[in-house]
Amino acid sequence: MATRPPIGLPKLSRRSRVLLVIAAALVLLLLVGSRLLSTYVNWLWFGEVGFRSVFSTVLWTRVGLFFAVGALVGGLLAVSLWVAYRSRPVFVPVSGAEDPLARYRSTIVQRVRLFGIGIPVVMGLIAGSAAQADWQRWQLLVNGTDFGVTDPQFGIDIGFYAFTLPFISWLINWLFVAVAIAFFGALITHYIFGGIRLAGKGGQLAAAARMQLSITAGVFVLVYAVDYFFERYELMFSSSNTLFSGATYTDLNAVLPAKLILMFIAAFCAVAFFAGAFLRNLQLPAIATALLVLSGVLVGAAWPQVVQQFSVKPNENAKEALSIQRNIDATRQAFGLTEDKVTTDDYAGVSSVAPATIRSDPASTNTISNVRLLDPNILAPTFTQREGRENFYGFPEKLDIDRYTVDGKTQDYIVAAREIKTSGLTETQGGWINRHMVFTHGNGFVAAPANTINSALAENNNDQSQGGYPVFKVGDINNPGPFGVEQPRIYFGELATDDYAIVGGKNGDTPMEYDTQNSTFAYDGTGGVPIDGLFNKLVFAANYTERNILFSSQIDAGAKIMYNRNPRDRVSKVAPWLTIDGDPYPAVVDGRITWIIDGYTTLENYPYAQRTPLGEATTDSLGGVVRQEDRTISYIRNSVKATVDAYDGSVNLYSIDDKDPVLKAWEGVFPGTVKPSSEISDSLRSHFRYPEDLFKVQRELLSRYHVSDSNEFFSQKTFWNVPADPTEEGATAATAGAANNDGPKQPPYYVLAQSPGQTRATFQITSALTLLNRQFLASWVSVSSDPQDYGKIRVLRLPTEAAQVEGPGQVQNRFQTTPEVAENRTLFNNPSVSPLFGNLLTLPVAGGMLYVEPIFIQRKDANAFPQLARVLVSFGNKVGFAATINEALDEVFGAGTGQSATQPGENTTPTPPPSTSTSPPTSNTAPPAGGGTGATAEMDSAVQALNSALEHLRTAQRNGDFTEQGKALAELDAAAKAYDTAKAKAGTAPTTAPSSPGASPSPTPGGG
């Protein structure tokens, strides 16, 4: 029995067609409307920052790839379906009473255009949507440049592997997808229309179906042959050996020839498929398929395994020597660890030194005088409580470190921008207007010398003492401070994540933005997108689903909306090709608060370079930074320094490695977006830091790739480890004396120190490295951030056999087991106080290694904040434990060696009083502004004590604690008398204590 498929096109009623069009329009609006809205919002934002060319380039590249791949996949499928439908049998033999496929044939025939066009279009849309995300591959193919370096196997320039091969591999994958979809489309169509019948012995295959499927399968195998050819090059970044990346002996001598053999076999099989199509013989395609599978198993898999097991394994160190040496050379080149950038010196690592040597050695005194006591990862609550001012201001979880030269003295500072923090608003303050139109910006730049505190914490005062706090230097609306802050308002910062701000709004003629307690402000900068027109109001009201934007009468002429306000996010949007460092930091540059962000160019495919997990290599115990993505890289350069102005949000990209070929390629993609290094001002360059994430990757690789001999590398006997952070809770017990480094890694530290070989103290990033699976110190690595020798890596290699130097874990264990530390009940056994171990610094001093660790204490109270209580120092087998670093150094080296260290209250610079005062103090005590900066050191200390007492009193009054109020007033009286005495010594008139014990004192402007 045979049936003929019904022929004819479907007929829909007019009403059905109208309903179908309406439904399709609604679906399209839901799918496309939000995307169009976000695209327009992004277009406005890119126009604001002046990078609209980036937006248009990325957009049109995505659109081009979308249609190109969509046309490839959808077009091949459409042709395949058309051929299969046109060549369908006229009569379809069936067995039995009813054909189960008849209704499907009838449905398709009635709607042949819908199926014949709709299915390819849907598949094309899906494929195009997936392909457009890989726009970078196409642009690098078009704009790629040569590296001037060739790979050691094929002699091809690295640019081929970096820019061309990734696109070829991507294109081959899409050809596989397109041909496979076309094959299955034809297979299903022929089955439905009877070209393929499963009934009967072995089934039946119509001639047309056999020809089409054979040709399509032949094309698929032909693409496979092309893929085998290019897979040879991908062996250059193979990961088949866990010790190193790159082609191994087996890859070169078994897999590489196998790829060529399989390429010819696949080409022969493709010819067999084509021949079988025209000769109407299924045996040839069947034989070709069997040959392809068998050769893949024997030649592609079994033979390399035989070579690996019987030739390589018994002689692996000799067989892999060539590949290991290639890996060493390529890794050093790809990660900037070549001999012209890395200097390695042997370091004695002495365990004892005479006091006179310390005092007479300029390098030692320069390092000791700048020892950093303040830990930026601990002191954020202290900055918030003492310099946060109002509840809607805040600081990031992790503070930053930078250096400034004030009155001719270069000093490293703990720095932070006092940003707006709308999450700190109370429930009554947190309305839409306050959140988005009133509290729009932060106020000021806060810094504290990293090597000093206001005064030492007395042993018998524990947490009630007002010592142990930073000496704040503030530049804000009231006072430019010692750094000359001319524009202290901060509209763009790390705390501005997803919140938008509408600036320039007015309540009548009065500006709405909070500025000080007595004044408001109307933004007059260039940042923000105009929102004073009806259309843009509608757009942003829809984008944020907030009707207040549309109906607010206070959004009038000149109003702007600010979004994407996080500096790191702004840079990543204007430079999507950069990998952004996880820790932006603020700096005062030419009077403006500027965020500095490091950008990296990276590659995944650098021949023989070690493939390194970026997220794993850059993760340590440090909190408050953005973690890098879990992806693998084999090349990295810090080619770009980016800046974001905190007031107007302007973004600038500066090249600092003009020779980087990856940067050159991206400059070809986005011409004019990266400014040359010649446009970097000296004032900006002086605040550049060697970036943390790059240093973390490099120290991870240096722990192995300091080895230059392949046999030594294979044995791993001289490898190093990045130590676990011993200051983490519970880490010391787990690591001290152990044979492993469990726990989060110790982060690198920025310090101002003079390393061996340097003529002066420089700002540098440092890290200790230990022996492999041992706790003894193996080396000390530092990289300078000074413009004169920026990026110069210095490695001090310590003795590993005779007089070994204790590593961070062992030193931390020694600290905690020292009797003086263990018996100090004030710090460690006080139930109302929690001790916090600060960063453990490792510093080369006088031929040995000096360890310094601050100890902070914090009351177990929701409003408490840390204060420096003690300092631990270790050199050799001696430990110093005291309230000041001076005393601790004397305990270790002998009397007088601590004189070169900075005394509490020192290192301050007089700050002129503010020109205006928005919050005059209620007491008669009027110390200078700046949080403790007076004419003498004694006045400095007294000023800090005054502000501390005032803070203590204010806290006690808020809590209604009369006992604490009495103590605070006593402290205030004592501090005022000390200030009077200090002023008398300086020849100035004395002051008096507060006029009323019941007053509510406020700290002086700029103070704590």
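Preceding block: the structure.
In what follows, the accompanying structure is described. (Residues numbered from 1 in each chain as written. Predicted model: local features only at pLDDT ≥ 70, side-chain atom pairs only at ≥ 80, totals over all residues. Heavy atoms only, no water.)

Before going further, it helps to examine the layout of surface pockets. Over the atoms rolls a probe the size of a water molecule, and in doing so it shows where empty space is left. Each pocket or cavity is described by its volume, and for the largest pocket that value is around 1100 Å³. Lining the largest pocket we find 26 residues, and of these Arg35, Thr39, Leu59, Arg62 and Gln132 sit closest to its centre. Counting only elements with at least two residues in the lining of the largest pocket, the list comes to helix H1 (14–49), helix H2 (52–86), helix H4 (112–131) and helix H18 (567–574). Ranked by residue count, the leading element in the lining of the largest pocket is H1, at 11 residues. A breakdown of the residues in the lining of the largest pocket according to their chemical character gives 17 nonpolar, 6 polar and 3 charged. (1 Å grid on protein atoms, 1.4 Å probe; cavity = no way out; pocket = protein on both sides within 12 Å on 5 of 7 lines; lining within 4 Å. Points joined across faces, edges and corners; volume = space filled by probe spheres on them. Helix = DSSP H or I, 4+ residues; strand = E, 2+ residues; numbered from the N terminus. Nonpolar A, V, L, I, M, F, W, Y, C, P; charged D, E, K, R; others polar.)

Running from N to C, H2 and H4 point in directions that differ by 150 degrees, and their axes come no closer than 7 Å. On the basis of the axis angle, H2 is roughly antiparallel to H4. When the axes of H2 and H4 are compared, the crossing they make is right-handed. Of the residues in H4, those in contact with Leu65, Phe66, Val69, Gly70, Val73, Gly74, Leu77, Ala78, Leu81 and Tyr85 of H2 are Val112, Phe115, Ile119, Pro120, Met123, Gly124, Leu125, Ala127, Gly128, Ser129 and Ala131. In terms of residue class, the contact of H2 with H4 is built from 16 nonpolar, 5 polar and no charged. (Axes fitted to C-alpha atoms, helices over the stretch in contact; angles between N-to-C directions. Parallel < 35°, antiparallel > 145°, perpendicular 65-115°, else oblique. Left-handed = near helix turned anticlockwise from the far one by under 90°. Contact = heavy atoms within 4.5 Å.)

This next bit is on the pairing of strand S31 (residues 762–771). Taking burial as the measure, the 10 residues of S31 include 10 buried ones, the bulk of the element. Alignment of strand S29 (residues 720–721) against S31, held across 2 bridges, turns out to be antiparallel. Bridging across to S31, Asn721 finds its partner in Thr770. One ladder, built from 5 bridges, connects strand S30 (residues 749–753) with S31; its direction is antiparallel. If you follow Tyr749 over to S31, its bridge partner there is Thr766. Pairing geometry for S31 and strand S32 (residues 776–784), over 7 bridges, is antiparallel. Each bridged residue has a counterpart across the sheet, and for Ile765 the counterpart in S32 is Val783. (Buried < 20%, exposed > 50% of the residue type's maximum accessible area, 1.4 Å probe, protein only. Pairing = 2+ DSSP bridges.)

Ordered by their spatial adjacency, 3 strands build an open sheet running S14-S20-S19, and the pairing between neighbours is antiparallel. At either end of the open sheet lies a strand with only one pairing partner, and these are strand S14 (501–503) and strand S19 (529–530). Across 2 bridges, the pairing between S19 and strand S20 (residues 560–562) is antiparallel. The partner of Pro530 across the bridge, within S20, is Lys560.

Here we come to unusual backbone geometry. Even without being glycine, Asn564 reaches a positive phi, approximately 50 degrees. Take Asn564: it is sitting in the loop between S20 and H18. Owing to a relative accessible area of 23%, Asn564 belongs among the partly exposed residues under this scheme. Phi is positive for Ala846, which is not a glycine, with a value near 50 degrees. Here Ala846 is to be found in the loop between strand S36 (841–845) and strand S37 (848–859).

Together, Val27, Leu28, Leu31, Val32 and Leu36 make up a nonpolar patch on the protein surface, roughly 470 Å² of accessible area in all. Of note, Leu36 is situated in helix H1. (Patch = residues over 30% accessible without salt bridge, like charges linked within 9 Å, V, L, I, M, F, W, Y side chains within 5 Å. Areas by Shrake-Rupley, 256 points an atom, 1.4 Å probe, with all protein chains shown as cover. Salt bridge = Lys/Arg side-chain N within 4 Å of Asp/Glu carboxyl O.)

Per the stated rule, a full pass over the model turns up 24 salt bridges. A salt bridge links Asp402 to Arg403, with the nearest nitrogen and oxygen atoms 3.4 Å apart. Each member of the pair Asp402 and Arg403 is classed as buried. Between Glu692 and Arg689 there is a salt bridge whose closest N-O contact spans 3.7 Å. For the pair formed by Glu692 and Arg689, the shared burial category is buried. What emerges from the salt-bridge pattern is a single network uniting Lys398, Asp400, Asp583, Arg689 and Glu692.

Moving on, we get to the pairing of strand S33 (residues 793–797). Across the 5 residues of S33, 4 count as buried, placing the element largely inside the fold. In this structure, strand S5 (residues 342–346) lies alongside S33, joined through 5 bridges in parallel fashion. Bridging across to S33, Val342 finds its partner in Ile793. Taken together, the 5 bridges between S32 and S33 define a ladder with antiparallel strand orientation. Bridge pairing in S33 links Val781 to Val795.

Interpretation note: all reported values are geometric properties and have no functional meaning in isolation.
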